[in-house]
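Spelled out, the chains give:
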Amino acid sequence: MLRIRTPRRVLAVRGLGVGVLTLTQVQSMNRVGRSSWTKNWLLQRDQFCHMPLLRVIHENNPDDFRNFLRITDPVFHRLLAKLTPYISRQDTCMRQAITPEQRFVATLRYLATGRSLQDLKFSTGISPQALGIIIPETCSAIIQVLQKEYVKKCGES
């Protein structure tokens, strides 16, 4: 089949090519380059989070520990031992996993204070996006672990 090139068709194809090129350039100008995947201070979670403070409070003032987490020390450790298999995560080559203790403490602080995730990130050293996943997962694990002991179904005595 023989195609006849008309000046109108050539101009249309050129115009289409210019339009695509212009659109590509505009899209590349609108992109915001991400400098890093996470904030540097969040990468140093162990240094900036509340866990060192919590350990000092635990050793020196058991009443303050109970007030901070709204749970006694023996109950905290017993519940943490039960929850650990459910809330543990593996380290990756990209970063260290958030420990079960940090996950549990962040959840208890959220439940005890009702603070927003944006506010909680400063004391836990965990991003709000991660907290939005960690807190519901930990609450589900608490329900799953304590359900047989403390939650009775309707009709049971």
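Read on for an overview of the structure. Note that this is a predicted model, so its numbers are computed, not measured.

### Topic: the overall build of the chain
Part 1 of the reasoning: Each helix and strand counted, the chain has 9 helices and 0 strands in total.
Part 2 of the reasoning: When the helices and strands of the chain are listed from N to C terminus, the series reads α-α-α-α-α-α-α-α-α.
Part 3 of the reasoning: A buried classification covers 25% of the 157 residues belonging to the chain.
Part 4 of the reasoning: In the chain, the proportion of contacts linking residues at least 24 apart, taken out of those at least 6 apart, comes to 58%.

### Focus on the packing of aromatic side chains
Think of a pair of aromatic rings as described by two things: how far the centres are apart, and how the planes are tilted against each other in angle.
Part 1 of the reasoning: Following the criterion strictly, the structure yields 2 aromatic pairs and no others.
Part 2 of the reasoning: Arranged with centres 5.6 Å apart and planes meeting at 85°, the rings of Phe-65 and Phe-76 form a pair that is edge-to-face. On the criterion of sequence distance, the pair formed by Phe-65 in helix α5 (residues 62-69) and Phe-76 in helix α6 (residues 73-87) is long-range, its members being 11 residues apart. For the pair formed by Phe-65 and Phe-76, the shared burial category is buried.
Part 3 of the reasoning: Taking the centre distance of 5.2 Å and the plane angle of 20° together, the rings of Phe-76 and Phe-104 count as stacked. One end of the pair, Phe-76, is in helix α6; the other, Phe-104, is in helix α7 (residues 100-113), and 28 residues separate them in sequence. Pair check on accessibility: Phe-76 and Phe-104 agree, each one buried.

Cut-offs applied
- Residues numbered from 1 in each chain as written.
- Predicted model: local features only at pLDDT ≥ 70, side-chain atom pairs only at ≥ 80, totals over all residues.
- Heavy atoms only, no water.
- Helix = DSSP H or I, 4+ residues; strand = E, 2+ residues; numbered from the N terminus.
- Buried < 20%, exposed > 50% of the residue type's maximum accessible area, 1.4 Å probe, protein only.
- Contact = heavy atoms within 4.5 Å.
- Phe/Tyr/Trp six-rings, centres within 6.5 Å; stacked < 30°, edge-to-face > 60°.

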